[in-house]
Amino acid sequence: MATALIVIDVQNDFCAGGALAVPGGEEVVQPINAMMEHHDAVILTQDWHPAGHSSFATSHPGKAPFDLVDLAYGAQVLWPDHCVQGTTGAAFRDDLRQDGDLIIRKGFRAAVDSYSAFFENDKVTPTGLEGYLRNRGITDLTLVGLATDFCVAYSALDAAQLGFDVRVDLAACRAIDMDGSLASALEQMQAKGVKLIQA
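Note that the structure is predicted; figures quoted are calculated from it, not measured.

**Quick notes on the packing of helix α3 (residues 148–161) against helix α4 (residues 181–191)**
The relative placement of two packed helices is expressed as an angle between their axes plus a distance between the axes. Between α3 and α4, the least distance of the axes is 9 Å, while the angle of their chain directions is 10°. Here α3 lies roughly parallel to α4, going by the angle between them. For the pair α3 and α4, the contacting residues are Thr148, Asp149, Phe150, Ala153, Ala156 and Leu157 in the first and Ser181, Leu182, Ala185, Leu186, Gln188 and Met189 in the second. Of the residues belonging to the contact of α3 with α4, the class tally is eight nonpolar, three polar and one charged.

**A closer look at the pattern of salt bridges**
Note that side chains of opposite charge can pair when their charged atoms are close. For the coordinates displayed, the defined rule picks out 12 salt bridges. Arg167 is the partner of Asp140 in a salt bridge, and the nearest nitrogen-oxygen pair spans 2.7 Å. Linking Asp140 in strand β6 (residues 138–146) with Arg167 in strand β7 (residues 165–174), this pair joins segments that are 27 residues apart in sequence. We classify Asp140 as buried; its relative accessible area is 8%. Residue Arg167 is joined to Asp165 by a salt bridge in which the shortest nitrogen-to-oxygen separation is 3.9 Å.

**Some points on the pairing of strand β4 (residues 74–77)**
Sheet analysis places strand β3 (residues 68–71) next to β4, joined by four bridges and oriented antiparallel. Paired with Leu68 across the bridge in β4 is Val77. Between β3 and β4, which pair antiparallel in sequence order, lie two residues.

**Here we look at the nonpolar core**
Across soluble globular proteins, you tend to see nonpolar side chains buried next to one another. Of all hydrophobic cores here, the largest spans 58 residues; its most connected members are Val7, Ile32, Phe118, Leu133, Leu141 and Val168. Looking at this core element by element, the count peaks at eight residues for α3. When near neighbours in sequence (up to four residues on either side) are disregarded, Phe118 contacts Thr125, Pro126, Thr127, Leu129, Glu130, Leu133, Leu141, Ser155, Asp158, Ala159, Leu162 and Phe164.

Calculation rules
- Residues numbered from 1 in each chain as written.
- Predicted model: local features only at pLDDT ≥ 70, side-chain atom pairs only at ≥ 80, totals over all residues.
- Heavy atoms only, no water.
- Axes fitted to C-alpha atoms, helices over the stretch in contact; angles between N-to-C directions.
- Helix = DSSP H or I, 4+ residues; strand = E, 2+ residues; numbered from the N terminus.
- Parallel < 35°, antiparallel > 145°, perpendicular 65-115°, else oblique.
- Contact = heavy atoms within 4.5 Å.
- Nonpolar A, V, L, I, M, F, W, Y, C, P; charged D, E, K, R; others polar.
- Salt bridge = Lys/Arg side-chain N within 4 Å of Asp/Glu carboxyl O.
- Buried < 20%, exposed > 50% of the residue type's maximum accessible area, 1.4 Å probe, protein only.
- Pairing = 2+ DSSP bridges.
- Core = buried A, V, L, I, M, F, W, Y, C linked by side-chain atoms within 4.5 Å.

Remember that the coordinates give geometry; whether it matters functionally is a separate question.
What follows is the structure, encoded as structure tokens:
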């Protein structure tokens, strides 16, 4: 059984000092680096937004970060501008090993956000990751990174729905935990058969 480590969005803007810093985000780097040796493949995802992205609060006059709006594909949390293509904030953390097999960039379409490593938030536009994993015969996935309750959870839920055997190693994840979002995400993942490895 071939395995992959999926490293979700360990980027400067999601770590201390970043535009959308996840509390303790930088703490995941060393555990993730250590885990890379133990998998047949390592895939890194990278949030990669154009300036003026539809998920940015600044693109919606009168709205503030963390407000909820309805876009063409459904409800969308508005975020501070973050991970803008080509900026330091969008770059991977310097101390993160980047010698993986594949980088999946997501969120680069201006009109739709993308939390999941597998699909845009419209739930139908694929990133190509599923095909890559299937072509390599990889069935067993371990997900780590940022943030547990958004991009990690969305990726895990999609992977489980697609039939992969999915684990989330919580020791190598950190959460935003906005209005109970962490508890909800953990509950949803468990309900869909995602194995949660406790920190």
